[in-house]
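Topology and contacts: notes
One-letter residues, chain by chain:
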Amino acid sequence: MGYLGGFAITWRKFVKGFGGEDIVTNEYAAGTGKRDRKRDKPMRLHGRHVLNRYEDGMEKCIGCELCAGVCPAKCIYVRGADNDPADPVSPGERYGYIYEINYLRCIHCDLCVEACPTEAITESKLFEFSFTSREDAIYTKAELVVGDDGMPKKLPWEDWREGDDVFTSGWVRATAPQGDADYVGRVGWSGELGYGVRQPEQGQNAETPYHRPVASTGHDAHGGHGHGH
Amino acid sequence: MDPLYADGVDLAVVLITLLKVLVAFVFLLVATMFMVWFERKIIADMQHRIGPNRAGPWGILQTLADGTKLFFKEDLLPDKADRRVFRLAPVLAVVPAFLAFSIIPLGGNFTDGDGTVSIFGHRTFLQLADPPVGVLFFLAMSAIGVYGIMLAGWSSGSKYPLLGSVRASAQIVSYEAALGLSVAAVLLVTRTLSTNGIVAAQAGRFIVDWNLVVTGVVPAVIFLIAGTAELNRPPFDLVEAEQELVGGFNTEYSSIRFALFFLAEFMNTVTMSALIVTMFLGGPSGPVFGPEVLRSWFLPLFWFFLKLVLFLFAFVWFRGTLPRLRYDQLMDLGWKMLIPLALGWLLLLATIRVAQHEGWPVPIAMAIALVVLVGAFGLLNLSLRAARRNREHEAEVYV
């Protein structure tokens, strides 16, 4: 390719781009643009946290503070309290009385999710939540606990899109026990409000020996737990 | 000479002149705004991006939004800056950019008319000023513009801006020579310095009588390359090489002062494109037909803008395609390629002119000139090679 070959390339790209083809940039404008759309997000993206509940509506959090202890950014503040036996918040002895995450500090490392013994805290795929005050930056139980439909609460400044809020349960834990041969084919996570007990990822069933999903079809093609529906 | 001033100056003439000043001013500003948007949009298309699309339809008001934002930004003045010069530099960059545009003929029917239009019963050219030294005026203004850049870097009291402005002055002085020699080719052919006269000289047949063809393409190409360098546009944007010099000569500038530099740069781009159109592509001349309004107003303006946009696109295309030259490559291209080529071509054209004038056989004169020029090029190459050998030898000795 000589000196002029480069001009031919940019000309071809220009013609294509002018016709609206081949454009790799997604037009993301917080829901205002005509062609507004975001890139698809990976299954296990670390986004804004949710506090999950069991299928009967009980909160999973037991106020053990392991998440606060493991948090490298020290952004989680938890205080546990004893359950009132007559009207328990969680099925155990204690529950998370105060639960706060400061998103000015959170680095979305997901260590709290790993630490949680009850899969109470997990992360959704939402990361587009730019708040405008420090008060808004601190999420309390009122914002974090999932609603009665099992879906995260959607705050006014958060830009939720389809698929951001689903499959935020313990299923996405990286250290879920199915890597252990003893647990192959067994569901290793608790049921969840709005979802019930989710089936294991295909390829980890007892019927089919474990294998990595084929690269060409990707993660999404397997087992119907892809995002976006 | 503009027929507007032929019968003395009265109030109407003054008002028409003021109107022309206003129109030229507004036109240049709007064209500059358009150019900024145009460049961003075209570059985006070439790079698989979308480009500005939020402000107005297709983002066409993006420049306005940027300008408004810059207006309200804090105007910083560095501690070590030379205050007065620091404040003067942006003005020195912008004012010549405005003035240079005043000599461009924007319209008027040159094809079968005298290039004048009628405004309120007065015949006048569609150009703000037609000084007898038009092209020299442009060269002078673009040379003064260098002071803006040079003083900006100098007065910032910071090393990167200084490096940028030193590069700027070296580069612009180097390429001014090639630019001037290619302009000389045009002047040789048209026998006038007035831009209006240059356009009128090209007004005959479509394309064939344009200076692009008459001077044999080479001066136009040299002018385009040297003009790009003169504008400090990519691939000659060493002056503000972001990757090397933070931001170049305007690093320490903010707010409206920065905006002025930005504005001046794009105004110069518009002016340079307009000048190429004037010098080599016959300005507003082109096929005209139909009634008087179409003949002397609409079509010439249309042809002019079409050619203008063509060159604006070419400048953007350069930017989208070519990587920035290294400093020594820049100097090599300017001094060892463009200047000898422009000089040789000028001599060739002059030979043809003289031969025609004296009644010598043109082919023989051309052949002799070519032999001389090839010989000269050979000598130049030999000397360049000798110089390189000496340099390498010195490098070995002093390592």
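As shown above, the structure is provided for reference.
Residues numbered from 1 in each chain as written. Chains lettered and ligands numbered in written order. Predicted model: local features only at pLDDT ≥ 70, side-chain atom pairs only at ≥ 80, totals over all residues.

1. Description of the environment of Glu265 of chain B
Mapped onto the elements, Glu265 of chain B comes out in helix H10 (residues 255–280). When the 24 C-beta atoms within 10 Å are taken as the criterion, Glu265 of chain B is described as buried. (Helix = DSSP H or I, 4+ residues; strand = E, 2+ residues; numbered from the N terminus. Buried ≥ 20, exposed ≤ 12 C-beta atoms within 10 Å, placed from the backbone.)

2. Observations regarding the packing of helix H8 (residues 218–230) of chain B against H10 of chain B
All names here are of chain B. Closest axis-to-axis distance for the H8/H10 pair is 11 Å, and the angle between their directions is 165°. Taken together, the axes of H8 and H10 are roughly antiparallel relative to one another. For H8 against H10, the interelement crossing comes out right-handed. Facing H8, whose interface residues are Ala220, Phe223, Leu224, Gly227 and Glu230, H10 presents Met272, Ile276, Met279 and Phe280. Its residues assigned to classes, the contact of H8 with H10 comprises 7 nonpolar, 1 polar and 1 charged. (Axes fitted to C-alpha atoms, helices over the stretch in contact; angles between N-to-C directions. Parallel < 35°, antiparallel > 145°, perpendicular 65-115°, else oblique. Left-handed = near helix turned anticlockwise from the far one by under 90°. Contact = placed C-beta atoms within 7 Å. Nonpolar A, V, L, I, M, F, W, Y, C, P; charged D, E, K, R; others polar.)

3. Focus on the interface of chain B and chain A
Taken together, the contact pairs 12 residues of chain B with 13 residues of chain A. For the side of chain B that touches chain A, the secondary-structure elements that each account for two or more residues are helix H1 (11–46) and helix H11 (292–321) of chain B. Looking at side-chain class alone, the side of chain B that touches chain A contains 6 nonpolar, 3 polar and 3 charged residues.

4. Structural notes on the sheet that holds strand E2 (residues 76–82) of chain A
Residue and element names in this part refer to chain A. Pairing within the open sheet is antiparallel, and its 3 strands lie in the order E2-E3-E5. Two strands in the sheet have a free side with no partner beyond their single neighbour: E2 and strand E5 (138–139). Both E2 and strand E3 (residues 94–102) contribute to a ladder of 7 bridges, which runs antiparallel. Counterpart to Ala81 in the pairing with E3 is Tyr95. (Pairing = 2+ DSSP bridges.)

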